[in-house]
Amino acid sequence: LVNCTTIDWFTAWPQEALLSVARRFLDDVDAEPKVKAGLVDMAMHFHTSVQELSARYLSQLQRHFYVTPTLYLELINSYKAPLGE
(Lines give C-alpha, C1' and ligand atoms only; values in the text may rest on other atoms or scores of the structure.)
Protein backbone atom coordinates (compact mmCIF):
# COMPACT_ATOMS: atom_id res chain seq x y z
CA LEU A 1 0.00 0.00 0.00
CA VAL A 2 2.77 2.47 0.87
CA ASN A 3 4.76 1.78 -2.31
CA CYS A 4 1.87 2.91 -4.50
CA THR A 5 0.96 6.03 -2.55
CA THR A 6 1.60 9.57 -3.74
CA ILE A 7 1.49 12.41 -1.25
CA ASP A 8 0.93 15.90 -2.61
CA TRP A 9 3.00 18.11 -0.27
CA PHE A 10 3.65 20.90 -2.72
CA THR A 11 2.54 24.19 -1.25
CA ALA A 12 2.92 27.62 -2.77
CA TRP A 13 5.88 29.69 -1.62
CA PRO A 14 5.17 33.23 -0.42
CA GLN A 15 6.30 35.96 -2.80
CA GLU A 16 8.99 37.15 -0.39
CA ALA A 17 10.51 33.66 -0.36
CA LEU A 18 10.50 33.54 -4.16
CA LEU A 19 12.21 36.92 -4.31
CA SER A 20 14.78 35.94 -1.69
CA VAL A 21 15.71 32.72 -3.47
CA ALA A 22 15.99 34.48 -6.83
CA ARG A 23 18.19 37.20 -5.31
CA ARG A 24 20.47 34.59 -3.78
CA PHE A 25 20.82 32.50 -6.93
CA LEU A 26 21.28 35.50 -9.24
CA ASP A 27 23.74 37.23 -6.90
CA ASP A 28 26.80 36.09 -8.85
CA VAL A 29 25.47 37.25 -12.25
CA ASP A 30 27.59 40.04 -13.69
CA ALA A 31 24.92 42.65 -14.38
CA GLU A 32 23.87 46.08 -13.20
CA PRO A 33 21.79 46.12 -9.99
CA LYS A 34 18.77 47.42 -11.91
CA VAL A 35 18.99 44.51 -14.37
CA LYS A 36 19.37 41.99 -11.53
CA ALA A 37 16.33 43.44 -9.78
CA GLY A 38 14.36 43.05 -13.01
CA LEU A 39 15.46 39.43 -13.36
CA VAL A 40 14.43 38.68 -9.78
CA ASP A 41 10.99 40.24 -10.31
CA MET A 42 10.57 38.43 -13.63
CA ALA A 43 11.45 35.04 -12.12
CA MET A 44 8.90 35.56 -9.34
CA HIS A 45 6.26 36.75 -11.82
CA PHE A 46 6.78 33.77 -14.15
CA HIS A 47 6.59 31.30 -11.28
CA THR A 48 3.42 32.77 -9.77
CA SER A 49 1.85 32.98 -13.25
CA VAL A 50 2.53 29.29 -13.81
CA GLN A 51 0.98 28.50 -10.42
CA GLU A 52 -2.18 30.38 -11.44
CA LEU A 53 -2.31 28.69 -14.84
CA SER A 54 -1.77 25.32 -13.19
CA ALA A 55 -4.81 25.89 -10.98
CA ARG A 56 -6.86 26.87 -14.03
CA TYR A 57 -5.59 23.80 -15.90
CA LEU A 58 -6.74 21.60 -13.03
CA SER A 59 -10.18 23.18 -12.82
CA GLN A 60 -10.81 23.06 -16.57
CA LEU A 61 -9.20 19.76 -17.57
CA GLN A 62 -8.99 17.92 -14.24
CA ARG A 63 -5.27 17.35 -14.82
CA HIS A 64 -2.49 18.20 -12.41
CA PHE A 65 0.66 20.16 -13.20
CA TYR A 66 2.82 20.48 -10.13
CA VAL A 67 4.74 23.72 -9.72
CA THR A 68 7.63 22.70 -7.49
CA PRO A 69 10.60 24.46 -5.92
CA THR A 70 12.83 22.49 -8.31
CA LEU A 71 11.04 24.06 -11.28
CA TYR A 72 11.67 27.49 -9.81
CA LEU A 73 15.38 26.80 -9.39
CA GLU A 74 15.55 25.47 -12.96
CA LEU A 75 13.87 28.66 -14.17
CA ILE A 76 16.46 30.78 -12.38
CA ASN A 77 19.30 28.66 -13.74
CA SER A 78 17.91 29.07 -17.26
CA TYR A 79 18.43 32.84 -16.80
CA LYS A 80 21.95 32.35 -15.50
CA ALA A 81 23.17 30.20 -18.41
CA PRO A 82 22.99 32.87 -21.16
CA LEU A 83 24.03 35.66 -18.78
CA GLY A 84 27.17 33.78 -17.77
CA GLU A 85 28.46 33.59 -21.34
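Sequence order sets the numbering: in each chain, residues are counted from 1 along the sequence as written. Totals for whole chains, interfaces and linings use all residues, but because this is a predicted model, local features are given only for residues with pLDDT of at least 70 and pairs of side-chain atoms are given and counted only at 80 or more. Just so you know, side-chain values use all the structure's heavy atoms and leave hydrogens and water out.

1. Quick look at unusual backbone geometry
Phi at Q62 takes a positive value of approximately 55 degrees, unusual for a residue other than glycine. By the element assignment, Q62 lies in the loop between α2 (33-61) and α3 (69-84). Numbering of helices and strands starts at the N terminus; helices are DSSP runs of H or I of at least 4 residues and strands are runs of E of at least 2.

2. A look at α2
To estimate how far a helix should reach, multiply one less than its number of residues by 1.5 Å. Here α2 is 29 residues long and its end C-alpha atoms lie 41 Å apart, about the 42 Å a rise of 1.5 Å per residue gives. Exposure classes here rest on a 1.4 Å probe applied to the protein chains alone. A residue is buried below 20% of its type maximum, exposed above 50%, and partly exposed in between. Restricting attention to buried positions, one finds in α2 the residues L39, V40, A43, M44, H47, T48, S49, Q51 and S54. Phi turns positive, to about 55 degrees, at Q62, one or two residues after α2.

3. Some words on the packing of aromatic side chains
Pairing of aromatic side chains here covers Phe, Tyr and the six-membered ring of Trp, requires ring centres within 6.5 Å, and sorts the geometry by plane angle: under 30 degrees stacked, over 60 edge-to-face, intermediate tilted. Summed over the entire model, instances satisfying the criterion amount to one aromatic pair. Ring geometry for W13 and Y72: centres 6.0 Å apart, planes at 75 degrees, overall edge-to-face. Taken together, the positions of W13 in the segment before α1 (15-25) and Y72 in helix α3 put the pair 59 residues apart, joining distant regions of the chain. In this structure Y72 comes out as buried when scored by relative accessible area, which is 0%.

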